[in-house]
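For reference, the chains in residue letters:
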Amino acid sequence: MKRQSITFRIAFLNTVFMSLMVGFTLAVILTISETVITQNSQATLKNVVYDNVEEIRLKNGKLEFDDLEFEEDGVKSAIFDSEMQMIQGVSSTEFQLEHGFMDGAIQEVYVGTDIYIIYDRKIPNIDLWVRGIIVLYDAVREVRMLIISTVVILPIFVIIGTIGSYLIARNSLHPINKIVDTAKMITKGTDLTQRINLDSGGQELYELARTFDEMFDRLERSFDLEKQFVSDVSHEIRTPITVILAQCEFAKDSNIQDKNEAFEVITRQAGKMKRLIAELLMLSRMDRGFEKINLDKVNLSELLYEICDEQKIIMPCEIKMDIEKDIVITLDEMLINRLIINLISNAYKYSGDDGVIKVSLKKVHNGIDLLVEDNGIGIKKEDIAKIWRRFYQVEMSRSDKESMGLGLSMVSEIAKLHNAKVSVESEVGVGSCFKVEFETKNVD
């Protein structure tokens, strides 16, 4: 069974509701109107008859009539004797004389489509009656004609209301169609850059479209990161595998010494591949938000002293320290340890054995600044924005230590996880200064 659109359902339900509401309203109006008209007519009839009775007097055995009104406000009245013979009044056949007198009682008589209301009063101390009569049909007819006219034109208003509600619903729900069309384009095609970019519509639909756009942004980033990861791995592993295969072929027909050298090369390349894959996997987890961060209060000053002392043993260059004491900050010690080592290793790589590396830590008005400075080859201005890319290397370093170009990428990702900002200032031939700025809220 084909599902009806929301626009059709809204228009249909609005039409049904409007028809029921108008029909119910008309029924209530008709009922109330006839009741009110009947009550008003009876009250008018009683007043006219009562007034006429009050004007009749018997004086010196003679009847006196003062200012009698036998036709007033739609009420016809007359004076009758006990034999129902008219003595005075409006000559009319509408008095329904076949119905006997009933003092103070209301009688309703139906003649065809007409309704007659009869009211009788006996004149005190005189054997005379005053009968008044009013025809309800004349009073009710106008109300009924109005209702009939309304019923006739009701379908026109219902049709107009249906068309109006359909157009309003269609225009209101148009952004949803745009959302659906965009989602279909992304689903069927390969263009993940499509966005809804809703510039009109209600607040709820605008928020829905914005949420979808954010979801599409995350999907696009996720696919881009996946492609980047595959591209990075395939690019960087190609060289070690080629070397390993070449050394294996070389070792087949070589002597023992050459075989041992070949195995050393193979072992070194395999180790490089292992480190490469481990670092790429960590970066990938960071990109996707899967890398768990274990925040704890850490004395960053002591951590820096320990790392610098360890690096002095590994690196023959000079490492100077300008570290403010007892700076405690909330962070992931393992990840920050990796960040600091990567910055120091990067400084050593581009300054060499004769270089000087200065590590500083100090409190500032808006947080804490960690600086790693070197007097190496420096970075060109046009290259500064590129150094955070994976596998990017400025130029040949002064160190013989192998580098995969992932260190600064990892520094950037670790800084993001800690809501920290990393930046660099550099001058070619003078050196570079990398700065990591931690926010005040993380400082204890």
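Quick note: structure is the one above.
Read on for an overview of the structure. Worth saying up front: this structure is predicted, and the values here are computed from it rather than measured. (Residues numbered from 1 in each chain as written. Predicted model: local features only at pLDDT ≥ 70, side-chain atom pairs only at ≥ 80, totals over all residues. Heavy atoms only, no water.)

Before going further, it helps to examine the environment of A209. Assignment of secondary structure puts A209 in helix α3 (residues 203–252). Overall, the relative accessible area of 1% leaves A209 in the buried class. Distance in space between the C-alpha atoms of A209 and P175 is 8.1 Å, their sequence separation being 34 residues. (Helix = DSSP H or I, 4+ residues; strand = E, 2+ residues; numbered from the N terminus. Buried < 20%, exposed > 50% of the residue type's maximum accessible area, 1.4 Å probe, protein only.)

Next up on the list: the packing of helix α5 (residues 300–314) against helix α6 (residues 333–351). As a packed pair, α5 and α6 sit with axes 11 Å apart at the nearest point and diverge in direction by 45°. If you check the angle between α5 and α6, you find them oblique. α6 is crossed by α5, and the crossing has right-handed handedness. Contacts from L300, L303, L304, I307, C308 and Q311 in α5 reach E333, I336, N337, I340, I341, I344 and S345 in α6. Its residues assigned to classes, the contact of α5 with α6 shows nine nonpolar, three polar and one charged. (Axes fitted to C-alpha atoms, helices over the stretch in contact; angles between N-to-C directions. Parallel < 35°, antiparallel > 145°, perpendicular 65-115°, else oblique. Left-handed = near helix turned anticlockwise from the far one by under 90°. Contact = heavy atoms within 4.5 Å. Nonpolar A, V, L, I, M, F, W, Y, C, P; charged D, E, K, R; others polar.)

Within the fold, E425 resides in strand β14 (residues 421–427). Taking relative accessible area as the criterion, E425 reaches 62% and is therefore assigned exposed. Between the alpha carbons of E425 and E373 there is a distance of 9.4 Å; along the sequence they are 52 residues apart.

Before going further, it helps to examine the nonpolar core. By size, the foremost hydrophobic cluster in this structure holds 41 residues, and its most contacted members are L300, L339, I340, I344, I357, L370 and F438. A total of eight residues in this core trace back to one element, the largest contributor, which is α6. Grouped together as the second largest cluster of nonpolar side chains are 20 residues, V53, L68, V75 and Y119 included. (Core = buried A, V, L, I, M, F, W, Y, C linked by side-chain atoms within 4.5 Å.)

Together, D296, E302, E306, D309, E310, D326 and E333 line one region of the surface with negative charge. Broken down by element, the residue count for the negative patch peaks at four residues, all from α5. Note that E333 resides in helix α6. Residue class for E333 comes out partly exposed when judged on its relative accessible area of 42%. (Patch = residues over 30% accessible without salt bridge, like charges linked within 9 Å, V, L, I, M, F, W, Y side chains within 5 Å. Areas by Shrake-Rupley, 256 points an atom, 1.4 Å probe, with all protein chains shown as cover. Salt bridge = Lys/Arg side-chain N within 4 Å of Asp/Glu carboxyl O. Lys, Arg positive; Asp, Glu negative; His and termini not counted. Charge placed at Lys NZ, Arg CZ, Asp CG, Glu CD.)

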